[in-house]
Amino acid sequence: MTAFTVQQLAELVAGEVEGDASRKVEGVASVDRAGPTDLTFVVDERYAQRLGPRSVGACLVAPGMRLEANGTSYIRVESPELAFSKLLGVFHPEHRPPSGVHPTAIVGRGSRIGAGASIGPYVTIGDDTVIGDGTLVGPHTHIDDDVVIGNDCRIGPGCTILHDTSVGDRVRIYTGVRLGVDGFGYTPGADGLTRIPQVGRCIVHDDVEIGANCTVDRGALGDTVIGQGTKIDNLVHVGHNVVVGDNCIIVAQVGIAGSVDIGAGTHMGGQVGVAGHLTIGAGARIGGQAGVFGDVPAGETYSGYPARPHRESLRASALTLRLPELFRRLLRLERRLEGDGE
Amino acid sequence: MTAFTVQQLAELVAGEVEGDASRKVEGVASVDRAGPTDLTFVVDERYAQRLGPRSVGACLVAPGMRLEANGTSYIRVESPELAFSKLLGVFHPEHRPPSGVHPTAIVGRGSRIGAGASIGPYVTIGDDTVIGDGTLVGPHTHIDDDVVIGNDCRIGPGCTILHDTSVGDRVRIYTGVRLGVDGFGYTPGADGLTRIPQVGRCIVHDDVEIGANCTVDRGALGDTVIGQGTKIDNLVHVGHNVVVGDNCIIVAQVGIAGSVDIGAGTHMGGQVGVAGHLTIGAGARIGGQAGVFGDVPAGETYSGYPARPHRESLRASALTLRLPELFRRLLRLERRLEGDGE
Amino acid sequence: MTAFTVQQLAELVAGEVEGDASRKVEGVASVDRAGPTDLTFVVDERYAQRLGPRSVGACLVAPGMRLEANGTSYIRVESPELAFSKLLGVFHPEHRPPSGVHPTAIVGRGSRIGAGASIGPYVTIGDDTVIGDGTLVGPHTHIDDDVVIGNDCRIGPGCTILHDTSVGDRVRIYTGVRLGVDGFGYTPGADGLTRIPQVGRCIVHDDVEIGANCTVDRGALGDTVIGQGTKIDNLVHVGHNVVVGDNCIIVAQVGIAGSVDIGAGTHMGGQVGVAGHLTIGAGARIGGQAGVFGDVPAGETYSGYPARPHRESLRASALTLRLPELFRRLLRLERRLEGDGE
């Protein structure tokens with residue numbers, strides 16, 4: 001790990017040093033664990049107190065904050081969190097495998113690999129597929145025929161990207177993801193269930209991230225779409241013809257049934273389930289484990305099973321705990337009235 | 001994409017043309033998006049009205065339906081949905097890799113590959129395993145020792161089929177599926193939990209489909225069984241010694257604990273959980289996200305947490321929302337009676 | 001399958017034979033299915049009655065139990081279950097691929113493979129990684145740079161173990177597991193969400209088992225830790241900076257959000273969800289599908305959504321079903337009082 005002076009770090013994030021600008025910083029740590037050569041950050045004065053008398057290597061702080069006089073070198077920046085995130089990448093640069101196609105990779109007829117792309121060992125790429133410039137494809141990933149992958153993507157090891165899928169630029173597909181899977185569509189026929197051919201596509205826009213072991217179905221007739229900037233956590237299922245808007249946050253193990261329409265900026269907590277053909281309005285927030293069986297209006301916060309406005313859910317949940325009391329009070333009234341009646 | 005005349009399409013589905021039988025059709029689309037050279041279908045007259053004045057290439061309709069006079073060529077068939085499903089496959093035939101064993105595939109001693117089978121790049125097959133005629137195995141799939149796979153199966157890329165698993169004919173195993181995994185069985189021993197060897201098998205019958213990234217455990221002592229014609233969506237977990245009957249529908253992210261017995265024709269919505277050692281009767285329907293902690297009788301519809309008859313769940317859920325009202329009404333009565341008492 | 005005499009089996013588990021010690025035993029079966037050459041076990045006298053008049057090959061029984069006189073050879077042992085588990089492994093020894101590095105495996109610079117380890121076909125191992133003695137790595141598994149794997153581990157086919165992950169001794173990683181995945185961390189920035197580099201590690205201690213297709217994130221700054229002896233079922237998600245204590249049991253499809261602290265000996269039922277930054281005390285038990293949105297004290301049993309003490313959950317759930325009755329009784333009182341008032 002390389003060492004930096006506080007001055008060098010401040011310049012990388014356009015910050016202003018207060019204290020010893022020549023101090024050497026060698027690593028990063030949370031405020032509770034930072035030592036004399038670590039960089040850390042605090043978001044407010046209450047957090048800053050956790051430093052106590054410790055003098056840490058450098059601490060990113062917001063413009064207005066009062067600071068502990070403990071010998072720490074402070075770097076004032078607009079957003080300490082964003083600056084810290086940026087410097088994390090400086091101390092821990094992401095590994096980048098060498099450019100080029102590994103000799104064990106198999107690339108089909110008519111496929112094009114972009115400049116500076118890295119195709120790992122045992123990767124298989126079908127025919128007429130395009131891999132953009134600077135894109136990394138990890139070992140054992142299979143990319144089918146007629147796929148288009150944009151520039152500067154990172155596709156992890158052991159992924160499957162099926163035919164006619166389209167992926168934008170700067171997309172991160174983590175290990176074990178399956179894109180463009182046949183959706184779950186059957187018609188009752190003479191001999192049980194008949195499979196409906198799934199002929200739509202799977203379209204992933206720029207700056208999307210899709211977590212490990214997620215599955216995203218292709219469209220049945222139309223397309224399944226993941227909007228720009230949307231971030232999806234691990235083990236999420238996205239059904240056929242789902243349209244996820246831009247800049248959504250979808251936490252681990254969420255399941256979205258077919259043909260759901262999700263507006264931009266929606267947040268879904270872990271393990272949320274959404275039934276088919278529903279509309280989730282832009283900017284909605286759905287609490288963890290909620291079971292969504294009806295539309296959710298834009299901007300609303302829903303939770304519970306079945307999901308309803310969060311306040312209603314909370315109140316119903318609290319009152320449910322008071323049901324024993326309710327039964328007791330009712331019984332007392334009944335006894336009193338029966339006593340009256342005699 | 002090839003073009004067909006309306007007449008040719010009608011013959012493929014034994015339908016009767018009304019309108020211009022020589023019209024050219026080049027693609028498929030839903031009724032809302034179909035254009036002048038597209039094939040579509042409608043299931044009833046209300047749907048047919050969505051065509052409006054548009055003249056689409058061809059539209060599959062049921063025998064009794066009245067039709068819009070908009071220049072569309074209609075094809076009357078018993079089931080427009082089934083016929084459309086069949087013609088989807090005509091316009092979008094499934095890709096079929098060339099027959100044979102890819103030179104990078106590794107096949108163990110005593111294993112047999114059927115006629116017309118296709119074993120993809122980097123596939124690994126253990127010893128004494130049988131792959132049936134016409135079966136496709138995608139890249140990077142590992143099939144262990146002593147496995148039997150039937151004819152005309154499609155096994156996606158990146159799957160794992162472990163030793164002694166048996167798969168029937170015409171089975172589709174989507175990408176990332178794990179079959180025959182050791183089940184979750186431990187006995188408390190002197191040094192913590194001791195693993196119980198899992199020595200049963202995993203048996204998948206004909207015409208089953210198993211979605212991407214599903215996990216199906218082998219039996220502990222007896223077998224785990226998936227019945228004929230059953231369709232399983234993505235990311236489903238099937239525990240050891242589970243027996244799933246024929247023609248069941250199991251939607252994404254369902255979890256079935258060990259030794260559950262599921263009758264034929266059962267439907268389970270997404271994210272349903274079933275506790276161990278339960279019996280789900282034939283033809284039961286379990287609503288999405290239900291938590292099943294007791295047996296479900298045949299033919300019944302259950303939902304909720306804990307799962308109970310759907311009507312009870314609905315009523316309890318509706319009344320839960322009225323708990324604030326209930327508390328208010330009770331308080332009014334109490335005040336009135338206290339007033340009386342004074 | 002080899003045959004053993006009852007005497008040989010008894011010696012392997014330090015048991016005492018009652019009946020014909022020379023009887024031949026050729027297989028294992030549950031008490032309901034055991035035949036004249038099978039080994040089985042019973043845990044109490046009620047179970048023993050299931051043998052009825054059948055004479056099975058051998059039956060493991062506890063010291064004090066009275067036995068059916070049906071010709072069965074009994075073996076008395078302290079724990080019939082543990083003894084049976086041990087003998088299962090004698091009848092069905094686990095397959096062990098040959099030691100050595102398969103010629104198609106790719107091992108990076110500075111990596112060391114231990115004595116007796118087996119590295120399967122198409123495995124890829126990065127630089128400066130250590131694989132311990134006797135450890136098996138299945139086909140198509142990718143192990144990244146700077147990973148340490150202990151001795152006598154079994155790592156299934158198609159796994160991904162990312163950089164700087166550390167795995168102890170005797171650990172079982174089942175097929176399709178992803179260890180050391182980048183956690184789900186973003187900061188709102190000028191152009192939407194900015195990814196926070198995830199620079200912590202993923203540490204798996206001795207004797208852990210992790211089920212098929214699980215995902216375990218690396219830490220954001222600190223580490224994600226799975227404690228010694230903990231067993232994790234299939235399709236579980238463990239978020240960044242989670243610390244799971246020793247000897248926990250985590251059933252299939254559980255999801256644990258970031259920075260959760262789980263005490264030793266905790267049991268979680270299937271599909272449990274735990275929200276971020278919570279503490280689950282040692283020895284807690286969480287019922288299946290519970291939604292944990294607050295801390296759980298040590299030793300407590302919680303269930304429900306939101307999770308609360310199991311008794312409260314059960315009572316609230318039971319009374320919820322009686323809500324229709326409650327409304328009826330309340331209405332009767334209201335009518336009576338209105339009648340009084342007139």
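Note that the structure is predicted; figures quoted are calculated from it, not measured.

### Re the overall build of chain A
Turning to step 1, where the next piece is worked out: The helix and strand inventory of chain A stands at five helices and 40 strands.
Turning to step 2, where the next piece is worked out: Rg of the C-alpha trace for chain A: 27 Å, well past the compact-globule value of 20 Å for 342 residues, more than 25% over.
Turning to step 3, where the next piece is worked out: Seen through its C-alpha atoms, chain A measures out along the principal axes to roughly 90 × 65 × 30 Å.
Turning to step 4, where the next piece is worked out: A buried classification covers 51% of the 342 residues belonging to chain A.
Turning to step 5, where the next piece is worked out: Pairs at least 24 residues apart make up 20% of the contacts formed inside chain A by residues separated by at least 6 positions.

### Observations regarding the relation of the copies chain C and chain B
Turning to step 1, where the next piece is worked out: Between chain C and chain B, which share one sequence, the superposing operator has a rotation angle of 120 degrees and an axial displacement of 0.0 Å; the RMSD is 0.1 Å. Here the transformation between the copies is reduced to the relation of a three-fold axis.

### A short note on the interface of chain A and chain B
Turning to step 1, where the next piece is worked out: Every contact between the two is made by 47 residues of chain A and, on the other side, 50 residues of chain B.
Turning to step 2, where the next piece is worked out: Contributions of two or more residues to the side of chain A that touches chain B are made by β21 (178-181), β22 (186-189), β23 (192-195), α4 (310-321) and α5 (323-341) of chain A.

### Description of the confidence of the model for chain A
Turning to step 1, where the next piece is worked out: This prediction gives chain A a mean pLDDT of 95; 99% of its residues lie at or above 70.
Turning to step 2, where the next piece is worked out: Scored as a complex, the prediction yields pTM 0.96 and ipTM 0.95.

### Looking at the nonpolar core
Turning to step 1, where the next piece is worked out: With 192 residues, the main nonpolar core has I286(A), V292(A), I286(B), V292(B), I286(C) and V292(C) as its most contacted residues.
Turning to step 2, where the next piece is worked out: The residues contacting V292(A), other than those within four sequence positions of it, are V272(A), G273(A), V274(A), A275(A), L278(A), I286(A), Y302(A) and A307(A).

### Some points on the sheet that holds strand β6 (residues 58-61) of chain A
All names here are of chain A.
Turning to step 1, where the next piece is worked out: The strand order across the open sheet built from five strands is β2-β7-β6-β5-β4, with neighbouring strands paired in mixed fashion. In this open sheet, the two edge strands, each paired with only one partner strand, are β2 (16-18) and β4 (27-28).
Turning to step 2, where the next piece is worked out: On top of the sheet, helix α3 (residues 80-91) reaches β4, β5 (38-41) and β6; it is set at about 155 degrees to β5, its chief contact.

### Thoughts on the domain arrangement of chain A
A common measure of how large an interface is: the accessible area buried when the components associate.
Turning to step 1, where the next piece is worked out: According to the domain assignment, chain A contains domain 1 (4-91) and domain 2 (100-313).
Turning to step 2, where the next piece is worked out: Computed from C-alpha coordinates alone, the two centres of domain 1 of chain A and domain 2 of chain A are separated by 38 Å.

### Observations concerning the environment of V17(A)
Residues and elements named next belong to chain A.
Turning to step 1, where the next piece is worked out: Relative to the helices and strands, V17 resides in strand β2.
Turning to step 2, where the next piece is worked out: As for V17 and C159, which are separated by 142 residues in sequence, their C-alpha atoms are 45 Å apart.
Turning to step 3, where the next piece is worked out: Excluding its chain neighbours within four sequence positions, the residues that come into contact with V17 are V6, Q7, A10, S73 and I75.

### Some points on the sheet that holds strand β14 (residues 136-137) of chain B
Residue and element names in this part refer to chain B.
Turning to step 1, where the next piece is worked out: One open sheet holds the 12 strands; their spatial order is β8-β11-β14-β17-β20-β25-β28-β31-β34-β37-β39-β40, and the pairing between them is mixed. Because the sheet does not close on itself, it has two edges, and the strands there are β8 (100-101) and β40 (308-309).
Turning to step 2, where the next piece is worked out: The sheet contact formed by strand β17 (residues 154-155) and strand β20 (residues 172-173) spans two bridges and is parallel. Bridged to I155 within β20 is I173.

### A word on the interface of chain C and chain B
Turning to step 1, where the next piece is worked out: The partner chain B presents 47 residues to the 49 residues of chain C that form the contact.
Turning to step 2, where the next piece is worked out: For the side of chain C that touches chain B, the secondary structure elements donating two or more residues are α3 (80-91), α4 (310-321) and α5 (323-341) of chain C.
Turning to step 3, where the next piece is worked out: At eight residues, the largest contribution of residues to the side of chain C that touches chain B is made by α5(C).
Turning to step 4, where the next piece is worked out: The residue makeup of the side of chain C that touches chain B, split by class, is 22 nonpolar, 22 polar and five charged.

### A word on the pairing of strand β7 (residues 73-76) of chain C
Residue and element names in this part refer to chain C.
Turning to step 1, where the next piece is worked out: In the sheet, strand β2 (residues 16-18) pairs with β7 via three bridges, with the strands oriented antiparallel. Paired with V17 across the two strands is I75, which belongs to β7.
Turning to step 2, where the next piece is worked out: Pairing of strand β6 (residues 58-61) with β7, which is carried by four bridges, proceeds in the parallel orientation. When the bridges of β7 are listed, A58 appears paired with S73.

### Brief notes about α3(A)
Turning to step 1, where the next piece is worked out: The terminal C-alpha atoms of α3(A) lie 16 Å apart, and with 12 residues this matches the ideal 16 Å at 1.5 Å per residue to within 8%.
Turning to step 2, where the next piece is worked out: Considering only its buried residues, α3(A) is in contact with α1 (6-12), β4, β5 and β6 of chain A together with β22 (186-189) and β23 (192-195) of chain C.

### Section: unusual backbone geometry
All names here are of chain A.
Turning to step 1, where the next piece is worked out: Of note, the amide linkage connecting Y305 to P306 takes the cis form, showing an omega dihedral of -5 degrees.
Turning to step 2, where the next piece is worked out: Positionally, P306 belongs in the loop between β39 (301-303) and β40 (308-309).
Turning to step 3, where the next piece is worked out: A positive phi angle is found at D164, which is not glycine, with a value near 70 degrees.
Turning to step 4, where the next piece is worked out: Along the polypeptide, D164 turns up in the loop between β18 (160-161) and β19 (166-167).
Turning to step 5, where the next piece is worked out: Overall, D164 belongs to the buried group, with 20 C-beta atoms counted inside 10 Å.

### Remarks on the environment of D223(B)
Residue and element names in this part refer to chain B.
Turning to step 1, where the next piece is worked out: You can see D223 is positioned in the loop between β26 (215-217) and β27 (224-226).
Turning to step 2, where the next piece is worked out: Judged by the 18 C-beta atoms lying within 10 Å of it, D223 falls in the partly exposed class.
Turning to step 3, where the next piece is worked out: Beyond its immediate stretch of four places on either side in the chain, D223 contacts G200, R201 and I203.

### Some thoughts on the environment of D261(B)
All names here are of chain B.
Turning to step 1, where the next piece is worked out: Relative to the helices and strands, D261 resides in strand β33 (residues 261-262).
Turning to step 2, where the next piece is worked out: Once the C-alpha coordinates of D261 and P188 are considered, the two residues, 73 residues apart in sequence, prove to be 26 Å apart.
Turning to step 3, where the next piece is worked out: What D261 contacts, discounting residues up to four positions off in sequence, is V243 and T279.

Criteria and thresholds
Residues numbered from 1 in each chain as written. Chains lettered and ligands numbered in written order. Predicted model: local features only at pLDDT ≥ 70, side-chain atom pairs only at ≥ 80, totals over all residues. Helix = DSSP H or I, 4+ residues; strand = E, 2+ residues; numbered from the N terminus. Rg over C-alpha atoms; globule rule 2.2 N^0.38 Å. Buried ≥ 20, exposed ≤ 12 C-beta atoms within 10 Å, placed from the backbone. Contact = placed C-beta atoms within 7 Å. Least-squares fit on C-alpha atoms with pLDDT ≥ 70 in both. pLDDT = per-residue confidence, 0-100. Core = buried A, V, L, I, M, F, W, Y, C linked by C-beta atoms within 7 Å. Pairing = 2+ DSSP bridges. Axes fitted to C-alpha atoms, helices over the stretch in contact; angles between N-to-C directions. Domains from an automatic or database assignment. Nonpolar A, V, L, I, M, F, W, Y, C, P; charged D, E, K, R; others polar. Expected span 1.5 Å × (residues − 1).

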